[in-house]
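A structural walkthrough
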Amino acid sequence: MPIVVDIDVMLARRKMSVGELAERVGITPANLAVLKNGRAKAVRFTTLAALCEVLECQPGDLLRWEAEGLTDEAAPAGRQP
């Protein structure tokens, strides 16, 4: 899927565990793991807003688009996949 979830990056930057984030956001650790590992089919805006509030970040810090099959050589100038 071309949408990449970077929750693990923000967790590392904030030195926070998955369990702590799940508790503070109000979702189960299992549901957070599904989202974190890119297996979710959708995310509610309320959940995304809560993640951003707890992690003190923007939605773009958690989600990014990556073209499928795009290599470093084929990436547009200034952009890395």
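Residues numbered from 1 in each chain as written. Predicted model: local features only at pLDDT ≥ 70, side-chain atom pairs only at ≥ 80, totals over all residues. Heavy atoms only, no water.

Things to note about unusual backbone geometry
For Lys15, which is not a glycine, the phi torsion comes out positive at approximately 50°. Along the chain, Lys15 turns up in the loop between helix H1 (7–14) and helix H2 (18–25). The class for Lys15 is exposed, based on a relative accessible area of 77%. Even without a glycine there, the phi angle at Glu56 is positive, about 55°. Inspection of the secondary structure assignment puts Glu56 in the loop between helix H4 (45–55) and helix H5 (59–62). (Helix = DSSP H or I, 4+ residues; strand = E, 2+ residues; numbered from the N terminus. Buried < 20%, exposed > 50% of the residue type's maximum accessible area, 1.4 Å probe, protein only.)

Some words on H1
All buried positions along H1 are accounted for by Ile7, Met10 and Leu11. Projected down its long axis, H1 carries its buried residues within an arc of 105°, all on one side. H1 presents Ala12 and Arg13 as exposed residues on the side facing more than 90 degrees away from its buried surface. Against the buried residues of H1 lie strand E1 (3–5), H2, helix H3 (29–36), H4 and H5. Looking one or two residues beyond H1, the residue adopting positive phi is Lys15, at roughly 50°. (Arc of directions from axis to C-beta. Contact = heavy atoms within 4.5 Å.)

Quick look at the pattern of salt bridges
Across all of its chains, the model carries three salt bridges by this definition. The salt bridge involving Arg64 is made with Asp6; its shortest N-O contact spans 2.6 Å. With Arg64 in strand E2 (residues 63–65) and Asp6 in the loop between E1 and H1, this pair connects stretches of sequence that are 58 residues apart. On the basis of relative accessible area, Asp6 is assigned to the buried category, the value being 13%. Among the ionic pairs, Arg64 bridges to Glu66, the shortest N-O distance being 2.9 Å. (Salt bridge = Lys/Arg side-chain N within 4 Å of Asp/Glu carboxyl O.)

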